[in-house]
Amino acid sequence: MGNLTLHIGLQKTGTSMIQQTMRKLRSELHHHGIAYVDRADMESMQYLRGWSAYAKTRPELRSGFVAELSALVAKRASDCAAGGVQPTRIVVSNETLVGSAAPSFTRPFRPRAESAIADVIGALHPVSTELMLYVRRQDLLVESQYLQRIHAGKALTFDRFLSRCEPGPIMDYLDLVARLRQLPTVTNVWTRPFEIIAAGPGPFLADFLAGFGAGEVDVARAGGIRRVNPSYTAPALAAAIRLNRRNSDRFPRAAHRAKRAARSLLKRRYPPGRYERPVLFTPERRREFLAMYDEVNRRFFRECH
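Residues numbered from 1 in each chain as written. Predicted model: local features only at pLDDT ≥ 70, side-chain atom pairs only at ≥ 80, totals over all residues. Heavy atoms only, no water.

Colleague: Lay out the side chain of His-30 with the relevant residues and their values.
Modeller: The residue His-30 is located in helix α2 (residues 26–31) in this model. According to the relative accessible area criterion, His-30 is buried, its value standing at 14%. (Helix = DSSP H or I, 4+ residues; strand = E, 2+ residues; numbered from the N terminus. Buried < 20%, exposed > 50% of the residue type's maximum accessible area, 1.4 Å probe, protein only.)

Structure (C-alpha coordinates):
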(Lines give C-alpha, C1' and ligand atoms only; values in the text may rest on other atoms or scores of the structure.)
Protein backbone atom coordinates (compact mmCIF):
# COMPACT_ATOMS: atom_id res chain seq x y z
CA MET A 1 0.00 0.00 0.00
CA GLY A 2 1.16 3.55 -0.72
CA ASN A 3 0.24 6.62 1.31
CA LEU A 4 -2.06 6.46 4.33
CA THR A 5 -3.78 9.36 6.09
CA LEU A 6 -5.41 8.66 9.46
CA HIS A 7 -7.84 11.24 10.79
CA ILE A 8 -7.66 10.26 14.45
CA GLY A 9 -9.99 12.78 16.14
CA LEU A 10 -10.04 13.89 18.96
CA GLN A 11 -13.61 13.02 19.82
CA LYS A 12 -15.89 16.09 20.02
CA THR A 13 -13.97 18.00 17.34
CA GLY A 14 -16.41 17.70 14.43
CA THR A 15 -15.58 14.08 13.56
CA SER A 16 -19.19 12.99 12.93
CA MET A 17 -19.79 15.95 10.59
CA ILE A 18 -16.53 15.24 8.73
CA GLN A 19 -17.41 11.58 8.28
CA GLN A 20 -20.97 12.29 7.18
CA THR A 21 -19.68 14.72 4.54
CA MET A 22 -16.84 12.49 3.36
CA ARG A 23 -19.28 9.64 2.72
CA LYS A 24 -21.31 11.95 0.50
CA LEU A 25 -18.14 12.99 -1.34
CA ARG A 26 -16.79 9.46 -1.80
CA SER A 27 -17.20 9.44 -5.61
CA GLU A 28 -15.62 12.91 -5.85
CA LEU A 29 -12.66 11.67 -3.82
CA HIS A 30 -12.28 8.75 -6.22
CA HIS A 31 -11.67 11.20 -9.06
CA HIS A 32 -8.65 12.45 -7.09
CA GLY A 33 -7.28 8.98 -6.39
CA ILE A 34 -8.44 8.87 -2.77
CA ALA A 35 -10.13 5.82 -1.24
CA TYR A 36 -12.04 6.59 1.96
CA VAL A 37 -12.83 4.44 5.01
CA ASP A 38 -14.43 5.65 8.23
CA ARG A 39 -15.80 4.62 11.59
CA ALA A 40 -19.11 3.41 10.13
CA ASP A 41 -17.23 1.05 7.78
CA MET A 42 -15.09 -0.29 10.61
CA GLU A 43 -18.01 -0.75 13.00
CA SER A 44 -19.42 -3.38 10.62
CA MET A 45 -16.33 -5.52 11.19
CA GLN A 46 -17.02 -8.76 13.04
CA TYR A 47 -13.56 -8.78 14.64
CA LEU A 48 -13.42 -5.15 15.76
CA ARG A 49 -12.97 -6.19 19.39
CA GLY A 50 -9.59 -7.50 18.42
CA TRP A 51 -8.43 -3.90 18.03
CA SER A 52 -6.35 -2.55 20.91
CA ALA A 53 -8.20 0.78 20.78
CA TYR A 54 -10.65 -0.81 23.20
CA ALA A 55 -10.02 -1.24 26.89
CA LYS A 56 -11.20 -4.85 26.93
CA THR A 57 -9.88 -6.00 23.57
CA ARG A 58 -9.88 -9.75 22.92
CA PRO A 59 -6.43 -10.92 21.79
CA GLU A 60 -7.84 -14.04 20.12
CA LEU A 61 -9.63 -11.75 17.63
CA ARG A 62 -6.49 -9.86 16.60
CA SER A 63 -5.70 -11.84 13.44
CA GLY A 64 -9.33 -11.54 12.35
CA PHE A 65 -9.20 -7.76 12.87
CA VAL A 66 -6.08 -7.46 10.71
CA ALA A 67 -7.56 -9.57 7.90
CA GLU A 68 -10.93 -7.83 7.99
CA LEU A 69 -9.46 -4.31 7.99
CA SER A 70 -7.13 -5.19 5.12
CA ALA A 71 -10.08 -6.55 3.11
CA LEU A 72 -12.20 -3.47 3.87
CA VAL A 73 -9.49 -1.08 2.69
CA ALA A 74 -8.84 -3.21 -0.40
CA LYS A 75 -12.56 -3.05 -1.24
CA ARG A 76 -12.61 0.75 -0.97
CA ALA A 77 -9.46 0.98 -3.09
CA SER A 78 -11.08 -1.30 -5.68
CA ASP A 79 -14.16 0.95 -5.74
CA CYS A 80 -11.88 3.89 -6.49
CA ALA A 81 -10.06 2.04 -9.27
CA ALA A 82 -13.38 1.00 -10.82
CA GLY A 83 -13.98 4.67 -11.58
CA GLY A 84 -10.87 4.73 -13.74
CA VAL A 85 -8.41 6.26 -11.25
CA GLN A 86 -5.91 4.15 -9.35
CA PRO A 87 -5.89 5.18 -5.66
CA THR A 88 -2.74 6.92 -4.51
CA ARG A 89 -3.91 7.60 -0.96
CA ILE A 90 -6.08 5.82 1.59
CA VAL A 91 -7.86 8.07 4.10
CA VAL A 92 -9.25 6.51 7.27
CA SER A 93 -11.33 8.67 9.63
CA ASN A 94 -12.05 7.12 13.00
CA GLU A 95 -11.75 8.99 16.30
CA THR A 96 -11.37 5.65 18.12
CA LEU A 97 -7.80 5.70 16.81
CA VAL A 98 -6.99 7.74 19.94
CA GLY A 99 -8.83 5.27 22.17
CA SER A 100 -12.46 4.49 22.90
CA ALA A 101 -15.06 7.22 23.30
CA ALA A 102 -15.16 7.21 27.11
CA PRO A 103 -12.89 10.07 28.23
CA SER A 104 -9.68 8.87 29.87
CA PHE A 105 -8.25 11.41 32.31
CA THR A 106 -4.99 9.62 32.96
CA ARG A 107 -1.35 10.20 32.19
CA PRO A 108 -0.28 9.86 29.48
CA PHE A 109 -3.20 11.51 27.72
CA ARG A 110 -5.02 9.00 25.48
CA PRO A 111 -2.91 6.04 26.63
CA ARG A 112 -4.15 3.61 23.96
CA ALA A 113 -3.47 5.91 20.98
CA GLU A 114 -0.10 4.42 20.03
CA SER A 115 -1.23 0.79 20.14
CA ALA A 116 -4.50 1.52 18.28
CA ILE A 117 -2.75 3.39 15.46
CA ALA A 118 0.10 0.85 15.32
CA ASP A 119 -2.50 -1.91 14.83
CA VAL A 120 -3.89 -0.14 11.77
CA ILE A 121 -0.46 0.65 10.32
CA GLY A 122 0.63 -2.93 10.90
CA ALA A 123 -2.45 -4.26 9.11
CA LEU A 124 -2.16 -1.98 6.06
CA HIS A 125 1.66 -1.75 5.59
CA PRO A 126 1.75 1.78 4.13
CA VAL A 127 4.87 3.33 2.68
CA SER A 128 4.16 6.51 4.64
CA THR A 129 1.54 7.60 7.16
CA GLU A 130 0.23 11.05 8.03
CA LEU A 131 -1.91 11.65 11.11
CA MET A 132 -4.55 14.39 11.31
CA LEU A 133 -5.24 15.46 14.89
CA TYR A 134 -7.85 18.08 15.79
CA VAL A 135 -7.54 19.69 19.21
CA ARG A 136 -9.92 21.84 21.20
CA ARG A 137 -9.51 24.27 24.08
CA GLN A 138 -9.47 22.02 27.11
CA ASP A 139 -12.31 23.62 29.06
CA LEU A 140 -14.64 23.42 26.05
CA LEU A 141 -13.56 19.84 25.36
CA VAL A 142 -14.37 18.83 28.94
CA GLU A 143 -17.81 20.45 28.71
CA SER A 144 -18.57 18.66 25.46
CA GLN A 145 -17.34 15.32 26.81
CA TYR A 146 -19.53 15.76 29.86
CA LEU A 147 -22.63 16.40 27.76
CA GLN A 148 -21.78 13.36 25.67
CA ARG A 149 -21.79 11.24 28.82
CA ILE A 150 -25.24 12.57 29.70
CA HIS A 151 -26.41 11.74 26.16
CA ALA A 152 -25.13 8.21 26.80
CA GLY A 153 -27.38 7.87 29.84
CA LYS A 154 -25.08 8.83 32.73
CA ALA A 155 -26.46 10.88 35.60
CA LEU A 156 -23.31 12.36 37.15
CA THR A 157 -23.01 16.05 37.92
CA PHE A 158 -20.53 18.28 36.10
CA ASP A 159 -18.63 18.94 39.34
CA ARG A 160 -18.07 15.22 39.81
CA PHE A 161 -16.99 14.81 36.18
CA LEU A 162 -14.64 17.79 36.38
CA SER A 163 -13.00 16.52 39.56
CA ARG A 164 -11.56 13.62 37.55
CA CYS A 165 -9.62 15.91 35.18
CA GLU A 166 -8.44 18.70 37.47
CA PRO A 167 -5.26 17.26 39.06
CA GLY A 168 -2.80 19.00 36.74
CA PRO A 169 -2.79 19.56 32.95
CA ILE A 170 -3.67 16.00 31.91
CA MET A 171 -4.78 16.90 28.36
CA ASP A 172 -1.29 17.70 27.07
CA TYR A 173 -1.53 17.79 23.28
CA LEU A 174 2.19 18.26 22.71
CA ASP A 175 3.00 15.09 24.64
CA LEU A 176 0.46 13.16 22.56
CA VAL A 177 1.93 14.48 19.30
CA ALA A 178 5.47 13.61 20.42
CA ARG A 179 4.43 10.03 21.17
CA LEU A 180 2.62 9.63 17.85
CA ARG A 181 5.61 10.91 15.89
CA GLN A 182 7.57 7.87 17.07
CA LEU A 183 5.25 5.37 15.37
CA PRO A 184 6.60 3.40 12.38
CA THR A 185 6.02 4.99 8.93
CA VAL A 186 4.58 8.20 10.47
CA THR A 187 6.08 11.11 8.57
CA ASN A 188 3.86 13.91 9.89
CA VAL A 189 1.32 14.64 12.64
CA TRP A 190 -0.83 17.44 11.24
CA THR A 191 -2.68 19.38 13.96
CA ARG A 192 -5.60 21.77 13.55
CA PRO A 193 -7.71 23.67 16.13
CA PHE A 194 -11.37 22.70 16.17
CA GLU A 195 -12.21 26.36 16.81
CA ILE A 196 -11.82 27.17 13.09
CA ILE A 197 -15.35 25.79 12.77
CA ALA A 198 -16.45 29.27 13.84
CA ALA A 199 -16.01 30.23 10.16
CA GLY A 200 -18.78 27.75 9.31
CA PRO A 201 -19.04 24.06 8.37
CA GLY A 202 -18.07 24.69 4.73
CA PRO A 203 -14.68 26.33 5.40
CA PHE A 204 -14.00 23.86 8.21
CA LEU A 205 -14.51 20.90 5.85
CA ALA A 206 -12.56 22.54 3.03
CA ASP A 207 -9.63 22.97 5.42
CA PHE A 208 -9.90 19.29 6.35
CA LEU A 209 -9.80 18.19 2.69
CA ALA A 210 -6.80 20.41 2.01
CA GLY A 211 -4.94 18.59 4.78
CA PHE A 212 -4.48 15.48 2.62
CA GLY A 213 -4.27 17.13 -0.79
CA ALA A 214 -7.96 17.11 -1.73
CA GLY A 215 -8.41 20.88 -1.65
CA GLU A 216 -9.88 20.85 -5.16
CA VAL A 217 -12.87 18.76 -4.07
CA ASP A 218 -15.95 21.00 -3.92
CA VAL A 219 -17.51 20.64 -0.46
CA ALA A 220 -20.79 22.01 -1.84
CA ARG A 221 -21.23 18.75 -3.77
CA ALA A 222 -22.05 17.08 -0.44
CA GLY A 223 -25.31 19.03 -0.37
CA GLY A 224 -26.60 20.53 2.86
CA ILE A 225 -23.90 20.45 5.54
CA ARG A 226 -24.94 20.74 9.15
CA ARG A 227 -23.30 20.24 12.48
CA VAL A 228 -24.42 17.02 14.12
CA ASN A 229 -24.87 15.94 17.74
CA PRO A 230 -26.17 19.28 19.10
CA SER A 231 -25.76 19.67 22.85
CA TYR A 232 -28.55 19.89 25.39
CA THR A 233 -29.87 23.27 26.43
CA ALA A 234 -29.94 24.12 30.14
CA PRO A 235 -33.47 22.81 30.91
CA ALA A 236 -32.91 19.75 28.71
CA LEU A 237 -29.73 18.90 30.63
CA ALA A 238 -31.48 19.13 34.01
CA ALA A 239 -34.32 16.95 32.75
CA ALA A 240 -31.90 14.44 31.17
CA ILE A 241 -30.05 13.89 34.44
CA ARG A 242 -33.35 13.22 36.24
CA LEU A 243 -34.47 10.79 33.52
CA ASN A 244 -31.10 9.01 33.47
CA ARG A 245 -31.31 8.42 37.22
CA ARG A 246 -34.81 7.01 36.82
CA ASN A 247 -33.80 4.69 33.95
CA SER A 248 -30.53 3.46 35.46
CA ASP A 249 -32.09 0.33 36.95
CA ARG A 250 -33.72 -0.86 33.72
CA PHE A 251 -32.53 -3.84 31.74
CA PRO A 252 -29.83 -2.82 29.21
CA ARG A 253 -32.04 -3.06 26.09
CA ALA A 254 -34.89 -1.16 27.71
CA ALA A 255 -32.46 1.44 29.07
CA HIS A 256 -30.97 1.96 25.60
CA ARG A 257 -34.41 2.53 24.07
CA ALA A 258 -35.36 4.85 26.92
CA LYS A 259 -32.18 6.91 26.47
CA ARG A 260 -32.76 7.39 22.75
CA ALA A 261 -36.40 8.32 23.25
CA ALA A 262 -35.58 10.74 26.07
CA ARG A 263 -32.80 12.42 24.07
CA SER A 264 -35.08 12.98 21.10
CA LEU A 265 -37.92 14.26 23.28
CA LEU A 266 -35.76 16.70 25.23
CA LYS A 267 -34.17 18.19 22.13
CA ARG A 268 -37.61 18.82 20.64
CA ARG A 269 -39.04 20.16 23.89
CA TYR A 270 -36.08 22.43 24.74
CA PRO A 271 -34.46 23.34 21.40
CA PRO A 272 -31.40 25.58 20.97
CA GLY A 273 -32.36 29.11 20.04
CA ARG A 274 -35.33 29.13 22.39
CA TYR A 275 -33.45 28.05 25.51
CA GLU A 276 -30.04 28.97 26.88
CA ARG A 277 -26.99 26.74 26.88
CA PRO A 278 -26.15 25.15 30.24
CA VAL A 279 -23.64 26.96 32.45
CA LEU A 280 -21.17 24.31 33.58
CA PHE A 281 -18.01 26.19 34.57
CA THR A 282 -18.31 29.19 36.84
CA PRO A 283 -16.23 32.12 35.49
CA GLU A 284 -13.71 31.74 38.30
CA ARG A 285 -13.31 28.00 37.90
CA ARG A 286 -12.91 28.37 34.13
CA ARG A 287 -10.10 30.89 34.64
CA GLU A 288 -8.39 28.53 37.07
CA PHE A 289 -8.77 25.60 34.71
CA LEU A 290 -7.35 27.51 31.72
CA ALA A 291 -4.47 28.86 33.81
CA MET A 292 -3.53 25.27 34.58
CA TYR A 293 -3.07 24.66 30.83
CA ASP A 294 -1.40 27.95 29.97
CA GLU A 295 2.18 26.68 29.81
CA VAL A 296 1.50 23.34 28.05
CA ASN A 297 -0.64 25.11 25.44
CA ARG A 298 2.04 27.73 24.82
CA ARG A 299 4.56 24.97 24.15
CA PHE A 300 2.11 23.12 21.91
CA PHE A 301 1.27 26.11 19.69
CA ARG A 302 4.90 27.17 19.59
CA GLU A 303 6.08 23.77 18.38
CA CYS A 304 3.13 22.54 16.31
CA HIS A 305 1.89 25.69 14.52
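Colleague: Residues and numbers for the pairing of strand β4 (residues 128–135), please.
Modeller: With seven of eight residues buried, β4 is to be regarded as a mostly interior element. Sheet topology places β4 next to strand β5 (residues 186–193); seven bridges connect them, and they run parallel. Residue Tyr-134 lies in a different strand from β5, and its bridge partner there is Arg-192. (Pairing = 2+ DSSP bridges.)

Colleague: Tell me about the packing of helix α6 (residues 138–151) against helix α12 (residues 283–292), residues and numbers included.
Modeller: Relative orientation of the contacting elements α6 and α12 amounts to 120°, with a least axis distance of 9 Å. Note on element contacts: α12 touches α6 through Arg-286, Phe-289 and Leu-290, opposite Gln-138, Asp-139, Leu-140, Val-142 and Glu-143. Considered class by class, the residues forming the contact of α6 with α12 number four nonpolar, one polar and three charged. (Axes fitted to C-alpha atoms, helices over the stretch in contact; angles between N-to-C directions. Contact = heavy atoms within 4.5 Å. Nonpolar A, V, L, I, M, F, W, Y, C, P; charged D, E, K, R; others polar.)

Colleague: Go over unusual backbone geometry with me, naming the residues and quoting the values.
Modeller: Of note, the amide linkage connecting Gly-9 to Leu-10 takes the cis form, showing an omega dihedral of 15°. Backbone geometry places His-125, a non-glycine residue, at a positive phi of 50°. Position of His-125 relative to the elements: it lies in the loop between α5 (113–124) and β4. A relative accessible area of 58% places His-125 in the exposed class. The phi angle at Thr-185 is positive, at roughly 70°, despite the residue not being glycine.

Colleague: Can you break down the nonpolar core residue by residue, with the values?
Modeller: Judged by nonpolar contacts, the single largest core of 69 residues is most densely connected at Leu-6, Met-42, Trp-51, Leu-69 and Tyr-146. When residues in this core are grouped by element, the largest group, seven residues, is from α5. Discounting residues that sit within four places of it in the chain, Leu-69 has contacts with Met-42, Met-45, Val-120, Ala-123 and Leu-124. Residues Leu-25, Phe-204, Ala-214 and Val-219 belong to the second largest nonpolar core, which totals 21 residues. (Core = buried A, V, L, I, M, F, W, Y, C linked by side-chain atoms within 4.5 Å.)

Colleague: Talk me through the pattern of salt bridges; I want residue IDs and the actual numbers.
Modeller: Per the stated rule, a full pass over the model turns up 19 salt bridges. Here Arg-221 makes a salt bridge to Glu-28, at a shortest N to O gap of 3.7 Å. Taken together, the positions of Arg-221 in the loop between α9 (201–210) and α10 (234–247) and Glu-28 in helix α2 put the pair 193 residues apart, joining distant regions of the chain. Here Arg-58 and Glu-60 are joined by a salt bridge, their closest N and O atoms 2.9 Å apart. Overlapping salt bridges, with partners in common, bring together Arg-26, Asp-41, Lys-75, Arg-76 and Asp-79 in one network. (Salt bridge = Lys/Arg side-chain N within 4 Å of Asp/Glu carboxyl O.)

Colleague: An account of the packing of aromatic side chains is requested, with residue identities and associated values reported.
Modeller: Tallied over the entire structure, the rule returns 16 aromatic pairs. Taken together, a centroid distance of 5.2 Å and an interplanar angle of 70° make the contact between Tyr-146 and Phe-158 edge-to-face. Of the two residues, Tyr-146 sits in helix α6 while Phe-158 sits in helix α7 (residues 158–163), which places them 12 residues apart along the sequence. For the pair Tyr-146 and Phe-158, one class covers both residues: buried. Members of the aromatic cluster, joined through ring pairs, are Tyr-134, Trp-190, Phe-194, Phe-204, Phe-208 and Phe-212. Above the plane of the ring of Tyr-54 lies Arg-49, whose end atom (NZ or CZ) is 4.2 Å from the centre. (Phe/Tyr/Trp six-rings, centres within 6.5 Å; stacked < 30°, edge-to-face > 60°. Lys NZ or Arg CZ within 6 Å of the ring centre and 35° of its normal.)

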